[in-house]
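Analysis of the macromolecular model
Here is what each chain is made of, one letter per residue.
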Amino acid sequence: MVKKPSMQASATRTSVTDEEADALARRLSDKPYGSPEKIEEVKPEQEKQCRTTISLGESMLRKTEDLALQNKRSGKDPKNVSAIVREALELYFEKLQ
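Rules of the game
- Residues numbered from 1 in each chain as written.
- Predicted model: local features only at pLDDT ≥ 70, side-chain atom pairs only at ≥ 80, totals over all residues.
- Heavy atoms only, no water.
- Helix = DSSP H or I, 4+ residues; strand = E, 2+ residues; numbered from the N terminus.
- Areas by Shrake-Rupley, 256 points an atom, 1.4 Å probe, with all protein chains shown as cover.
- Patch = residues over 30% accessible without salt bridge, like charges linked within 9 Å, V, L, I, M, F, W, Y side chains within 5 Å.
- Salt bridge = Lys/Arg side-chain N within 4 Å of Asp/Glu carboxyl O.
- Lys, Arg positive; Asp, Glu negative; His and termini not counted.
- Charge placed at Lys NZ, Arg CZ, Asp CG, Glu CD.
- Buried < 20%, exposed > 50% of the residue type's maximum accessible area, 1.4 Å probe, protein only.

**Here we look at the overall build of the protein chain**
Looking only at helices and strands, the protein chain has four helices and zero strands in total. Written out in order from the N terminus, the α and β elements of the protein chain read α-α-α-α. Carbon and sulfur atoms make up 53% of the accessible area of the protein chain, which totals about 9,900 Å².

So, in structure tokens, the structure goes:
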């Protein structure tokens, strides 16, 4: 007699205790994922990011999106519109000082 798929799966599964699950979670929580070269260092001066909405002219937005795509394809930073705007604002604030 052939067992139903649900019966076959339950017969081969072992139950996991809460202690085993916690041990696995603790072991994996400090594990780095990906290759070491791709792990970015967190800069100490980085702070929490907050969302905001800005209005840009259509041509300015297109230029910014095109630059972000070009940077992303070539592997250069900044790779998205938000990062480009942040960098531009940082340069602007430096210029004011």
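**Let's talk about a negative patch on the surface**
On the surface, E45, D77, E87, E90 and E94 cluster together into a patch of negative charge. Its place among the elements puts E94 in helix α4 (residues 81-96).

**Thoughts on a nonpolar patch on the surface**
Together, I54, L56, M60 and L61 line one region of the surface with nonpolar side chains, adding up to about 340 Å² of accessible area. Following the sequence through the fold, I54 ends up in the loop between α2 (18-29) and α3 (58-74). On the basis of relative accessible area, I54 is assigned to the partly exposed category, the value being 49%.

**Observations regarding unusual backbone geometry**
Leave glycine aside and you will find that most residues have negative phi; peptide bonds, for their part, are mostly trans. P78 follows D77 through a cis peptide bond whose omega is -5°. Within the fold, P78 resides in the loop between α3 and α4.

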